[in-house]
Amino acid sequence: MGNLKKITRPGNTGGKSLSGIIFRTLFVLILVGLLELMAGYTLLRRYHAQLEEMEEKLTETYMDQINENFRKLNTVLRSMIYDGSEIQAVLDTLKQYGYEESLRNILEKNEAIIDLKDSFSTMSQTYGSSYNFFYYDPSSEKMVEYGGSSYDVRVPFIELIEEKIQEGTLSYTKNNKWFLCEEYICSIYKSSNGIIGAWVRIEDFVEDMFAQSPFSNASIEIYDEVSGQALVYSLK
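As the structure is a computational prediction, the values presented were derived from the model and not from experiment.

**Description of a negative patch on the surface**
Among the surface-exposed residues, E163, E167, E182 and E183 lie close enough to one another that they form a single negatively charged patch. In this structure, E167 sits in helix α4 (residues 151–167).

What follows is the structure, encoded as structure tokens:
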């Protein structure tokens, strides 16, 4: 009898079964997919980290700008209420003609008031269209106000300030820090020449900050050190 030889069927690759080849192929494909997924996840995390870093830098830059505006506005307000020519012109007109509404008095008061409003308008253009300003003379109980916000937005604040003045509950700036007054952020000074202030509605202030954020789920907390009041706003 001759030597027996191993017979290999067509399609048999060295004794490896078809199911084994398929299994190994699937394993390699799954491994490659997992590696691609991990690489994509790493890149995604890096992207989010870069976005967070960018948001932090933007927020820090914006807050530095806001604090600088607050500081400069405080300086301007103090200067105006103690020796500002526009306010002095209003007071001089009242003192010169008394509080009788003569034609001459009305004309000169209107001119002085227009000059003061022009100064407020310039301040709003310089420091931000959301900022508004007012001056109140306790002797005549006259209020002069102007700002970047629309008139219907300014009226509720002016009514609130006049009410607090009459009640004697109006708060004033301490240590040159702006403070919360209901739904507004304010800085208010008082001297023998009257009361002057700057304010911005919190809603407008927050919207300006959200406009700087690249994220759709940002939130802002506004904290008042004097009252201990904290307000949190989320981007809708």
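**Things to note about the packing of aromatic side chains**
For the coordinates displayed, the defined rule picks out 9 aromatic pairs. Relative to W178, the ring of F70 lies with its centre 4.1 Å away and its plane at 15 degrees, an arrangement referred to as stacked. In this pair, F70 sits in helix α1 (residues 18–83) while W178 sits in the loop between α4 and β3 (179–181), placing the two residues 108 residues apart along the sequence. Of the two residues examined, F70 and W178, each falls in the buried class. The rings of F70, Y131, W178 and F205 are connected pair by pair, giving a single aromatic cluster. The positively charged end of R154 is found above the aromatic ring belonging to Y146, 5.3 Å away from the centroid.

**Observations regarding unusual backbone geometry**
Here the phi dihedral of N175 falls at roughly 55 degrees; this positive angle occurs in a residue that is not glycine. Among the secondary structure elements, N175 is positioned in the loop between α4 and β3. The class for N175 is exposed, based on a relative accessible area of 71%. A positive phi angle is found at N176, which is not glycine, with a value near 60 degrees. Tracing the backbone through its elements, the reader meets N176 in the loop between α4 and β3.

**Regarding α4**
Between its first and last C-alpha atoms α4 spans 24 Å; for 17 residues at 1.5 Å apiece the expected length is 24 Å, and the two agree. Residues V153, R154, F157, I158, L160, I161, K164 and I165 constitute the buried set of α4. Within α4, the buried residues cover an arc of 160 degrees as seen down the axis, which keeps them to one side. Facing away from the buried side of α4 by over 90 degrees, the exposed positions are Y151, D152, Q166 and E167.

Quick notes on the rules
Residues numbered from 1 in each chain as written. Predicted model: local features only at pLDDT ≥ 70, side-chain atom pairs only at ≥ 80, totals over all residues. Heavy atoms only, no water. Patch = residues over 30% accessible without salt bridge, like charges linked within 9 Å, V, L, I, M, F, W, Y side chains within 5 Å. Areas by Shrake-Rupley, 256 points an atom, 1.4 Å probe, with all protein chains shown as cover. Salt bridge = Lys/Arg side-chain N within 4 Å of Asp/Glu carboxyl O. Lys, Arg positive; Asp, Glu negative; His and termini not counted. Charge placed at Lys NZ, Arg CZ, Asp CG, Glu CD. Helix = DSSP H or I, 4+ residues; strand = E, 2+ residues; numbered from the N terminus. Phe/Tyr/Trp six-rings, centres within 6.5 Å; stacked < 30°, edge-to-face > 60°. Buried < 20%, exposed > 50% of the residue type's maximum accessible area, 1.4 Å probe, protein only. Lys NZ or Arg CZ within 6 Å of the ring centre and 35° of its normal. Expected span 1.5 Å × (residues − 1). Arc of directions from axis to C-beta.

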